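Given next are the chains, with one letter for each unit.
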Amino acid sequence: MKKHYNELLDETYYEEELANGLKVIIFHKKDFHMTSCAFGTPYGAFDIKERSQGKEYNFHPGIAHFLEHKLFESDHGDVMNDFFSMGASVNAFTSYRETVYYFNMTGDNIDIPLNLLLDFVQNLNITHESVEKEKGIINQELKMYMTMPDTKLLNETFKALYHKYPIKYDIGGDEESVNAITKEELETCYYINYHPSNMYLVISTYLKPSYILDIIKKNQDSKDFVRKDIPEVIFDEEPSEVVNSDVDVKFNIFAPKHVYAIKLKSDFKDAKDALRKEWAMRILLETHFSTLNPEYQVWMDNKLINDYFGYEVDFDINAAYILFYAEGRTKAQLKELIDSSLKEKILNEDILTQIKRRFLGMAFNAFNDIDSFNLSYVRDILGGIDIFDTIEAINSLSLDYIFEVYNSFNYDNYSLVSILPNNN
């Protein structure tokens, strides 16, 4: 194992790539009494068009989420019950960019749940009947999500922004795409994306890393995997213009909700470049749209905004956007508030130092919450970065660089999206 020590954070972690290509990262948290394990693949809702072994595949939207559901089934029942009987809490999630399976537990008896995690994720055993049964369960889940105003608002926003980028689809797909998924498609998707060489196992534990690695190696040595290439995700070229600049949707709510969504050109060299520029933008927006701005309390007092108000920034090598969201009033008023504030130059050296300390403090504190840290780390590493890159990115930011990043984008491509009370 390769040992790493971060002096600034006093953190020790180990890395090992197994013979089958599985990447293992173990954080040795000797002062804690809990173990958190996360097993992930960089396969999520975005990956509906892929190239592997020289062949191109087109999957239905929602298939990554469907596959996550099916892997929790074993020959003798529900895997969750097996973990619970060992005193371990287990779960999984599918996002746009990854799927992760994880468990947390206290105590020294890590070998059985760790083997179970590796075994159930590395063994897809499904039937036509079980796939058909699962469709009803997933469609009910999707219908439940679509009754949530914030989910509906975000879904309508992405559909208004993007012509081809798969963020326009819900992570779970829709009823039509779910019903079209077959057993054969699930199996093809699984064998392309769940090979050990495409996956990471991240563990934070007080137990000896050598002991943990021995368990993992013994498990993996007992299995045969056909060597595959790393699948390539194919994205169709996305026009710079938005699909729809003005959208109103009626919904069962009392107060209107709005999003001012800006579609930016994604022109980043790599994941670390996108990360640094995202933090530059995030710090600039935090200066304008938090209590650091003297006008913020005036906006609250005048009921121009309320506690619902906020923003999101997401920069990826394939897409970049900024979302501002608010409740009440109108979307035109939201846009006017944002645009007028951004014309002011608020950020200075003192504020930059203050914000950097705040965000760095949050990053440092993350190491003290094992389960949250472990999940955050595996998500980052699957995307080609880690928390140390985040810390370095924040530390490196200067005023000149932040303003340079902000001025490098064109903000003319935007959508104003509202969900409005249906008066029923």
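A quick note: this is a predicted structure, and the numbers were derived from the prediction, not measured.

1. Structural notes on the sheet that holds strand S5 (residues 49-52)
Logical step 1: Overall, antiparallel pairing links the three strands, which are arranged S6-S5-S12 in an open sheet. The outermost strands of the open sheet, each flanked by one partner alone, are strand S6 (55-58) and strand S12 (232-233).
Logical step 2: As paired elements, S5 and S12 share two bridges and run antiparallel to each other. Directly across from glutamate 50, in S12, lies its bridge partner valine 233.

2. What about the sheet that holds strand S16 (residues 320-327)?
Neighbouring strands of a sheet are bound in pairs by backbone hydrogen bonds; such pairs are parallel or else antiparallel.
Logical step 1: Reading across from one edge, S13-S17-S14-S16-S15 is the order of the five strands in this open sheet, with mixed pairing throughout. Every interior strand has two partners, whereas the edge strands, strand S13 (246-251) and strand S15 (310-315), have only one. Across the sheet, the axes of successive neighbouring strands diverge by a mean angle of 15 degrees, strand direction being ignored.
Logical step 2: Across the sheet, helix H5 (residues 149-161) lies against S13, strand S14 (257-264), S16 and strand S17 (414-421), angled at about 150 degrees from S17, the strand it touches most.
Logical step 3: Each of S13, S14, S16 and S17 is contacted by helix H11 (residues 331-342), which is oriented at about 50 degrees to S14, the strand it contacts most.

3. Here's the deal with the pairing of S15
Logical step 1: When you tally the buried positions in S15, you get five out of six residues, the bulk of the element.
Logical step 2: Direction of pairing for S15 relative to S16: antiparallel, over a ladder of six bridges. When the sheet's bridge partners are listed, aspartate 314 is paired in S16 with tyrosine 321.
Logical step 3: In this antiparallel pair of consecutive strands, S15 and S16, the connection spans four residues.

4. A closer look at a negative patch on the surface
Logical step 1: Taken together, the side chains of Glu349, Asp350, Asp400 and Glu404 make up a negatively charged region of the molecular surface.
Logical step 2: Contributions of two or more residues to the negative patch are made by helix H12 (349-366) and helix H15 (399-407).
Logical step 3: Structurally, the position occupied by aspartate 400 is in helix H15.

5. Some words on the packing of aromatic side chains
Logical step 1: Summed over the entire model, instances satisfying the criterion amount to 37 aromatic pairs.
Logical step 2: Aromatic side chains phenylalanine 27 and phenylalanine 373 sit 4.9 Å apart centroid to centroid with 90 degrees between the ring planes, which places their arrangement in the edge-to-face category. Residue phenylalanine 27 is located in strand S3 (residues 23-28), and its partner phenylalanine 373 is located in helix H13 (residues 370-382); the two are separated by 346 residues in the primary sequence. Accessibility assignment for this pair places phenylalanine 27 and phenylalanine 373 in one class, buried.
Logical step 3: Note on tyrosine 165 and phenylalanine 235: the rings are 5.5 Å apart at their centroids and 40 degrees apart in plane angle, and the pair reads as tilted. Highlighted residues: tyrosine 165 in the loop between H5 and helix H6 (175-180) and phenylalanine 235 in the loop between S12 and S13, separated in sequence by 70 residues.
Logical step 4: Look at tyrosine 165 and you get buried, because its relative accessible area is 4%.
Logical step 5: For phenylalanine 235, a relative accessible area of 25% gives the class partly exposed.
Logical step 6: Among the aromatic residues, those joined into a ring-pair cluster are Phe72, Phe83, Tyr101, Phe103, Phe120, Tyr190, Tyr191 and Tyr194.
Logical step 7: The cationic tip of lysine 29 hangs over the ring face of phenylalanine 373; the distance from NZ or CZ to the ring centre is 5.5 Å.
Logical step 8: Over the face of the ring belonging to tyrosine 308 we find lysine 257, whose NZ or CZ atom lies 3.9 Å from the ring centre.

What counts and how
Residues numbered from 1 in each chain as written. Predicted model: local features only at pLDDT ≥ 70, side-chain atom pairs only at ≥ 80, totals over all residues. Heavy atoms only, no water. Pairing = 2+ DSSP bridges. Helix = DSSP H or I, 4+ residues; strand = E, 2+ residues; numbered from the N terminus. Axes fitted to C-alpha atoms, helices over the stretch in contact; angles between N-to-C directions. Contact = heavy atoms within 4.5 Å. Buried < 20%, exposed > 50% of the residue type's maximum accessible area, 1.4 Å probe, protein only. Patch = residues over 30% accessible without salt bridge, like charges linked within 9 Å, V, L, I, M, F, W, Y side chains within 5 Å. Areas by Shrake-Rupley, 256 points an atom, 1.4 Å probe, with all protein chains shown as cover. Salt bridge = Lys/Arg side-chain N within 4 Å of Asp/Glu carboxyl O. Lys, Arg positive; Asp, Glu negative; His and termini not counted. Charge placed at Lys NZ, Arg CZ, Asp CG, Glu CD. Phe/Tyr/Trp six-rings, centres within 6.5 Å; stacked < 30°, edge-to-face > 60°. Lys NZ or Arg CZ within 6 Å of the ring centre and 35° of its normal.

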